[in-house]
Each structure stands twice: as structure tokens, then as C-alpha cells.
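Structural features, examined
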Amino acid sequence: MTNRARKPYIAGNWKMNLDRAHSLDLVKTVKGRLGDGGDREVGFFVPSIYLADVSAVAQGSPLGVGGQNVWYEDSGACTGELAPRMLREVGADRVLIGHSERRHLFRELDEWMAKKMRAALDVDLLPIYCVGETLDERKGNKTDRVLKKQLESGFERVKVEDAHRITVAYEPVWAIGTGETATTDQADQAHRTIRKWLAGKLGDEAANLIRILYGGSVKPDNAKELMAVESVDGLLVGGASLKAETFLPIIEYDKN
Ligand code: PGA
């Protein structure tokens, strides 16, 4: 292990994939390989309908289990949505907030993000707050502006003492599911922008507790290179998290 400032975090986002049987198999296999998991954190973000079963299988292991989205109210007339307490009740200890597919395909609004972050933190769900620019925004040199705007909305109600429970994921939209990965320089630059913004918002000490993950076409053959970038504290993995053959080598990026 390198002497990193923060514990590496490898997160798998299943999106709307797998079925119950394959989900449970995958969790059993990964759980079996993790041991005490002391030197890295691993989590799966699971379709909510499988959360209870997946959490039951993951129990007793260091594997974290989370939802892929959450609403910010505790109850009410919100057909199709889930309250933070409901995710907790079925065993989730973490949640993705602001994933680009939620923002773009399902038109989630920036102004919901502060409330979602606050509501998740208030029931002790550990959020991964996702940010990232589209290809047009990158080509128009708007990357920094977009990242800052998304951070401003997500962190509006975050307090300094929440910092240790928060993770940010930088996921350039043009790299998600496309096979195109950001170069290590592009990732590094975005991560530095994010960390600088966090330090301005929360102060250096609190900002230094927040891990910043890279996501977007992470595969076994680029995980090591991405993790070698000092500003990259972990990886958020979509497609390659669906099979043990591709996810395990990413978790063990430093062991081959
Ligand atoms: P991908 O997805 O690894 O399939 O590109 C990443 C994500 O959307 O979190």
C-alpha cells in the first residue's frame, strides 16, 4: 500500500442490472475475498428492491451496501420514491446522490441536491455525491464552472462535522459507459478543482477527510493507473462492477 492520506474506496454501481440470484452470488464472492477489509473500503450500490437480501448476505463483512438514489422527505405523497429512513431499514448504510443518469435522464434538479445530502446525513446514510461535466461543457471550457455549481448545490447544508462521512465522485458524463476514460491528467485536474472548492467551503482539515473518487469506464486495465494519481482516492465503477472477474481486480488494483 502507498501511504495515502485517505483510505481507498472502491464502489460498484450496478445501476439497473443483474437479477436477484446473480446479485447474491456476486456479493458472496466479493465478501469471501475481502477478508477484514482493513486497508480499503468496498461498497455496492444496489437496485433498491434487492437491498434487503444483499444486505443480509453482506452482513458480518466490511462490504458496504447502498441505494442508488433517495428522496429528501421522510414520508408523503411521492409515488415511486424512497425516504432515507426506508433505505436504512432494509440495511443500506450509504447512498449515491446526484448520479449523472439521475440528473440527465430523469431531470433531477440542482436545488434538490442540498436537501438530499442533508436528509441522507441526518439518518447516517453515507453519501457519495456525484458531479461531472458533459462533453459539450468540457469542449466549451466550462468544466470547472459546472463542477463548482454542482458542489455548491450539494454542499449548501453540509456542516464541517459532516465531512468525514461524505465522499465525492467525479464522473465526466462523456466517460460513463462509453469505454472512454478521462486521462489521468484530466482526472487529476478535476479532482484538484473539487478539493480546492471543498477546502474553501469547509476548511482544509475537514476537506482533507473527504474522499474524491473517479468514475467513468473504470476497468481492470486502467484501475491501477487511475489509483496512482495522488488526487484519486478511489473509484466508482459501473459496468465492470457487475462481475467478480472484472470487479475483484479493480478492488485489488495494487496487487497485480
Ligand atoms: P461505467 O459507469 O463504469 O459503466 O462507465 C460508472 C458510473 O456511472 O458510475
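Rules behind the numbers
- Residues numbered from 1 in each chain as written.
- Predicted model: local features only at pLDDT ≥ 70, side-chain atom pairs only at ≥ 80, totals over all residues.
- Heavy atoms only, no water.
- Helix = DSSP H or I, 4+ residues; strand = E, 2+ residues; numbered from the N terminus.
- Buried < 20%, exposed > 50% of the residue type's maximum accessible area, 1.4 Å probe, protein only.
- Contact = heavy atoms within 4.5 Å.
- Areas by Shrake-Rupley, 256 points an atom, 1.4 Å probe, with all protein chains shown as cover.
- Lys, Arg positive; Asp, Glu negative; His and termini not counted.
- Charge placed at Lys NZ, Arg CZ, Asp CG, Glu CD.
- Axes fitted to C-alpha atoms, helices over the stretch in contact; angles between N-to-C directions.
- Parallel < 35°, antiparallel > 145°, perpendicular 65-115°, else oblique.
- Left-handed = near helix turned anticlockwise from the far one by under 90°.
- Nonpolar A, V, L, I, M, F, W, Y, C, P; charged D, E, K, R; others polar.
- 1 Å grid on protein atoms, 1.4 Å probe; cavity = no way out; pocket = protein on both sides within 12 Å on 5 of 7 lines; lining within 4 Å.
- Points joined across faces, edges and corners; volume = space filled by probe spheres on them.
- Pairing = 2+ DSSP bridges.

Considerations on the overall build of the protein
- Counting its secondary structure elements, the protein contains 11 helices and eight strands.
- Dimensions along the principal axes, computed over C-alpha positions, put the protein at roughly 50 × 45 × 35 Å.
- Every one of the 256 residues in the protein was classed for burial, and the buried ones make up 54%.
- In the protein, once contacts between residues fewer than 6 apart in sequence are set aside, the share between residues at least 24 apart is 71%.
- For the protein, the exposed surface amounts to about 11800 Å²; the carbon and sulfur share of it is 49%.
- Between the mean site of the 36 positive side-chain charges and the mean site of the 38 negative ones, the protein shows a separation of 0 Å.

Details of the packing of helix 1 (residues 20–34) against helix 11 (residues 244–251)
- As a packed pair, helix 1 and helix 11 sit with axes 11 Å apart at the nearest point and diverge in direction by 30°. With respect to helix 11, the axis of helix 1 lies roughly parallel. The element helix 1 and its partner helix 11 pack so that their crossing is right-handed. Counted together, Leu 26, Thr 29, Val 30, Arg 33 and Leu 34 of helix 1 and Ala 244, Phe 247, Leu 248 and Ile 251 of helix 11 form the full contact between these two elements.
- For the contact of helix 1 with helix 11, the per-class residue count stands at seven nonpolar, one polar and one charged.

Some words on the layout of surface pockets
- Considered as a void within the structure, the largest pocket measures approximately 520 Å³ in volume.
- Around the largest pocket sit 23 residues that line it, and Lys 15, Gln 68, Asn 69, Arg 102 and Phe 106 are the ones nearest its centre.
- Per-class residue counts for the lining of the largest pocket are 11 nonpolar, eight polar and four charged.

Observations concerning empty space enclosed by the protein
- Applying the stated criterion to the full structure yields one cavity of 30 Å³ or more.
- Of the voids in this model, the largest cavity is the one considered here, and its volume is about 50 Å³.
- For the lining of the largest cavity, the secondary-structure elements that each account for two or more residues are helix 4 (100–104) and strand 5 (126–131).
- Broken down by element, the lining of the largest cavity gets its largest block of residues, three residues, from helix 4.
- Residues that form the lining of the largest cavity fall into these classes: three nonpolar, five polar and two charged.

Some thoughts on the sheet that holds strand 5
- Taken in spatial order, the eight strands of this closed barrel run 1-2-3-4-5-6-7-8, and their pairing is parallel. Taking each pair of neighbouring strands and ignoring which way they run, the sheet shows an average axis angle of 25°.
- Two strands pair when backbone bridges link them, and strand 4 (residues 94–97) and strand 5 are joined in this way by four bridges, in the parallel orientation. Bridging across to strand 5, Leu 96 finds its partner in Ile 128.

By themselves, these figures tell us nothing about what the structure is for.
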